[in-house]
Amino acid sequence: MNDTDMNGGEYLAKTLARYGVSHVFFVDAILRHALAHMEDQGIERILTHSEKAAAYMADGFARIARRPAVCMAQSVGAANLAAGLQDAFFAGSPVLALTGRHIAENQYRNAYQELPHEPFFKEVTKFSARIDAPKQIAHLLQQGFREACSGKSGPVHLDVAGNTGSVMDYWPIAADNVADSDSRSVPAHRPRPGLEALRQAAVKLNEANRPVLIAGIGVHWSQAEEALRMLAESAQIPLATTLDVKHLLPDEHALHAGVVGTYGTDATNRLVAEADLVVFIGCDVGDQATANWLLPVNGTQAIQIDIDAAELGRNLPGAICLHADPRAALNELHGLIKPATRISWLERVKTLRKAWREETHNQRFSDACPIRPERICEEIGAWLPENGILVTDTGYASQWAAQMLPLKSTEQTFLRAAGSLGWGFPASLGAKAAARDRPVICLSGDGGFMYHLPELETACRWKLNTITIVNNNGGLSQGLRNLRLAYDGHPGRMEDCYQFQSTNFAKVAEAFGCIGIEVTHPSQLRAALDAALNCDRPVVIDVRSDPLALAPIPWMPGDRP
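Residues numbered from 1 in each chain as written. Predicted model: local features only at pLDDT ≥ 70, side-chain atom pairs only at ≥ 80, totals over all residues. Heavy atoms only, no water.

A. The overall build of the chain, seen in detail. Within the chain one finds 22 helices and 20 strands. The C-alpha atoms of the chain give 24 Å as radius of gyration, which agrees with the globular expectation for 561 residues (24 Å, within 12%). Seen through its C-alpha atoms, the chain measures out along the principal axes to roughly 70 × 60 × 50 Å. Across the 561 residues of the chain, 61% fall into the buried class. Considering only intrachain contacts with a sequence separation of at least 6, the fraction spanning at least 24 residues in the chain is 77%. In the form shown here, the chain has an accessible surface area of approximately 21600 Å², with 51% of it arising from carbon and sulfur atoms. Here the chain carries 52 positive and 63 negative side-chain charges, and the mean point of each set is 3 Å from the other. (Helix = DSSP H or I, 4+ residues; strand = E, 2+ residues; numbered from the N terminus. Rg over C-alpha atoms; globule rule 2.2 N^0.38 Å. Buried < 20%, exposed > 50% of the residue type's maximum accessible area, 1.4 Å probe, protein only. Contact = heavy atoms within 4.5 Å. Areas by Shrake-Rupley, 256 points an atom, 1.4 Å probe, with all protein chains shown as cover. Lys, Arg positive; Asp, Glu negative; His and termini not counted. Charge placed at Lys NZ, Arg CZ, Asp CG, Glu CD.)

B. The layout of surface pockets, seen in detail. Its boundaries defined by the atoms lining it, the largest pocket holds a volume of some 880 Å³. The wall of the largest pocket is formed by 34 residues, among which F90, A91, K152, I217 and D284 lie closest to the centre. Where the lining of the largest pocket is concerned, the elements lending two or more residues are α5 (86-91) and α10 (217-222). Considering only residue class, the lining of the largest pocket consists of 14 nonpolar, 11 polar and 9 charged. (1 Å grid on protein atoms, 1.4 Å probe; cavity = no way out; pocket = protein on both sides within 12 Å on 5 of 7 lines; lining within 4 Å. Points joined across faces, edges and corners; volume = space filled by probe spheres on them. Nonpolar A, V, L, I, M, F, W, Y, C, P; charged D, E, K, R; others polar.)

C. Structural detail: empty space enclosed by the protein. Summed over all chains, the structure comprises 3 cavities of 30 Å³ or more. The computed volume of the largest cavity comes to approximately 60 Å³. Taken together, R63, I217, H220, D244, H247, T413, F414, L415 and R416 make up the lining of the largest cavity. Ranked by residue count, the leading element in the lining of the largest cavity is strand β16 (residues 413-416), at 4 residues. A class-by-class count of the residues in the lining of the largest cavity yields 3 nonpolar, 3 polar and 3 charged.

D. Local environment of the packing of aromatic side chains. Scanning the entire structure with this criterion turns up 6 aromatic pairs. Chaining the aromatic ring pairs together yields one cluster made of F425, F449 and F505. (Phe/Tyr/Trp six-rings, centres within 6.5 Å; stacked < 30°, edge-to-face > 60°.)

E. Seen up close, the nonpolar core. Core analysis: the biggest nonpolar cluster contains 66 residues, and I214, I469 and I541 have the highest contact counts within it. Sorting elements by how many residues they give to this core places helix α16 (residues 396-404) first, with 6 residues. Core analysis: the next-biggest nonpolar cluster, separate from the first, contains 42 residues, L12, L16, L98 and V160 among them. (Core = buried A, V, L, I, M, F, W, Y, C linked by side-chain atoms within 4.5 Å.)

F. Structural detail: helix α3 (residues 51-65). The end-to-end C-alpha distance of α3, which contains 15 residues, comes to 21 Å, matching closely the 21 Å that a straight helix rising 1.5 Å per residue would cover. Burial runs high along α3: 13 of the 15 residues are buried. Backbone geometry just downstream of α3 places R66 in the positive-phi region, at approximately 55 degrees. (Expected span 1.5 Å × (residues − 1).)

G. Focus on a nonpolar patch on the surface. Nonpolar side chains collect at one region of the surface, where M450, L476 and F500 lie side by side and expose about 230 Å² of accessible area between them. Along the chain, the position of F500 falls in the loop between α20 (480-486) and α21 (505-511). (Patch = residues over 30% accessible without salt bridge, like charges linked within 9 Å, V, L, I, M, F, W, Y side chains within 5 Å. Salt bridge = Lys/Arg side-chain N within 4 Å of Asp/Glu carboxyl O.)

H. Region of the structure containing the packing of helix α15 (residues 373-383) against helix α22 (residues 525-533). Relative orientation of the contacting elements α15 and α22 amounts to 45 degrees, with a least axis distance of 10 Å. Here α15 is positioned oblique relative to α22, judged by the angle of their axes. As α15 runs across α22, the sense of the crossing is right-handed. Along its contact with α15, which presents R375, I376, E379, I380, A382 and W383, the element α22 presents L525, R526, L529, D530 and L533. Of the residues belonging to the contact of α15 with α22, the class tally is 7 nonpolar, no polar and 4 charged. (Axes fitted to C-alpha atoms, helices over the stretch in contact; angles between N-to-C directions. Parallel < 35°, antiparallel > 145°, perpendicular 65-115°, else oblique. Left-handed = near helix turned anticlockwise from the far one by under 90°.)

I. Structural detail: the packing of helix α9 (residues 195-207) against helix α13 (residues 326-334). Orientation of α9 relative to α13, taken along the N-to-C sense of each, is 60 degrees, at an axis distance of 10 Å. Classed by the angle they form, the pair α9 and α13 counts as oblique. For the element pair α9 and α13, the recorded crossing hand is right-handed. Contacts between α9 and α13 pair L198, A201, A202 and L205 from the former with A329, E332 and L333 from the latter. Here the residues of the contact of α9 with α13 sort into 6 nonpolar, no polar and 1 charged.

J. Structural context of the state of the cysteines. Counted according to the given criterion, the structure contains 0 disulfides. C442 carries a free sulfur, and the closest cysteine sulfur to it, the one in C377, is 13 Å from it. For C442, a relative accessible area of 0% corresponds to the buried category. Cysteine C460 is unpaired, with the sulfur of C514 as its nearest cysteine sulfur at 4.5 Å. (Disulfide = S-S within 2.5 Å.)

K. Geometry of the sheet that holds strand β12 (residues 277-281). The strand order β11-β10-β9-β12-β13-β14 describes an open sheet built from 6 strands, whose pairing is parallel. Either end of the sheet is taken by a strand with one partner, and the two such strands are β11 (256-259) and β14 (320-323). Strand after strand, the sheet turns through a mean of 15 degrees between neighbouring axes, direction not considered. Sheet topology places β12 next to strand β13 (residues 301-306); 5 bridges connect them, and they run parallel. Counterpart to F280 in the pairing with β13 is Q304. (Pairing = 2+ DSSP bridges.)

L. Structural context of the pattern of salt bridges. As enumerated under the stated definition, the model contains 29 salt bridges in all. The residue E44 makes a salt bridge to R436 at a minimum N-O spacing of 3.7 Å. One end of the pair, E44, is in strand β3 (residues 44-47); the other, R436, is in the loop between α17 (424-434) and β17 (440-445), with 392 residues separating them in the sequence. Taking the relative accessible area as the measure of exposure, R436 reaches 36% and is therefore partly exposed. Taking the shortest distance from any N to any O, the salt bridge between E311 and R314 comes out at 3.0 Å. Taken together, the shared-partner salt bridges in this structure form one network comprising R101, E118, R130, D132 and D159.

Rendered as structure tokens:
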């Protein structure tokens, strides 16, 4: 309802509430008047220790809730906040970033701590705009949510007047608190595929002898998981995934093909190389998913389904392209696909997966000390609760989990960093804020966990009782292969380039008021996980792992036979 006595802070708080925003992640000082009114709206205001952590928490929240989350920072923190949006941008997370900046008359006059914010946010948002006048607030808030949730979802940015947003905070507002109902969650709309492209795709699927489905993060945002499983099971088509949606099928499912690409396994990459038809669904077809664009092999027919028309055919010239919401396209394809058996093709899936498990068995069940990372992943997967959320940092945490960590239920959720080391722990706190009733487990290396150690205090203060497992190998081991090549025959201190001093993260956690558990032998892992699950505080499990263990490089076309 129209309220001429409302000011900008109150208007913002009420509008966020109408869009279903329940949490705001921020670093002081920003929009303090709005923050006061957010309390009246029941919005939890989570003060963090860095702007990047605030952005990562909002990203983790948005991925689990599949609706917009908000992060905020004042003018001097804008660059840090923008840096934290890189992962949200890659993952398509609908994050609304609010920053303050000096008013127009102070621009270009050496105002305190002022830099142009547009260049920071240009490459990591779908939409970035300035709010310079009261009449812009209603329109740009609505447009921000619309941009975040429509088409290919993603982060947006609004730069508001006042270096702490204080000018906008106190503007008199005469506007209705209107929330576009389509922009409260993702997807905002479900465009249907063109009939001719749909018909061509169905014909190819019905004719294929060795088809493979490859699903990406777009399946998650479309909420297309069940539609994809139904089509795969009806047509008996193996399902491979990018790491973003590793949880789509349990590892023991007959159609489970595993993670594909540079973080995948020999089994999955070989299967895709042998396919006569590859269907990409909500997948960007980048280098990681395609093993550096070597998969599918040249000459293989491809189908691509994506809500973003600009992605169609970008890396798949000649593909049949369906510009549509993935769930809408899969539902319509399902009605045109003939039930099939494909016995020999599924037997090939089974053979490849069995060979991979046998090849890695000794490492996955090793009793060696320091502990093998494969054993850590095997234990986590066997223990992970049926409704657990597993969040992995980038680097080796993601690579080990992609290859070695089994999932056993479609009720489990897997989130991964797209490339920002240190994302995992703050993102797990955002995930926990979105799903208080679900166990949230973060798998990070010591290098990644060190980025945002102060957020242990945030977790404790807000009772975000996550379980963080630190693969503590004393350094950044993912680069060890290349360092060895660089130092081949070259004298010097290679360890300067990747090793840290020894740190006991269990004791660090306890210093922040959390619970710390040390694990030095594989036999202690299960008991530590069980104990952590029953704690009423955040838990950090410091697992001393083998610093010389290197994740396998998967088979790729042109590689070994």
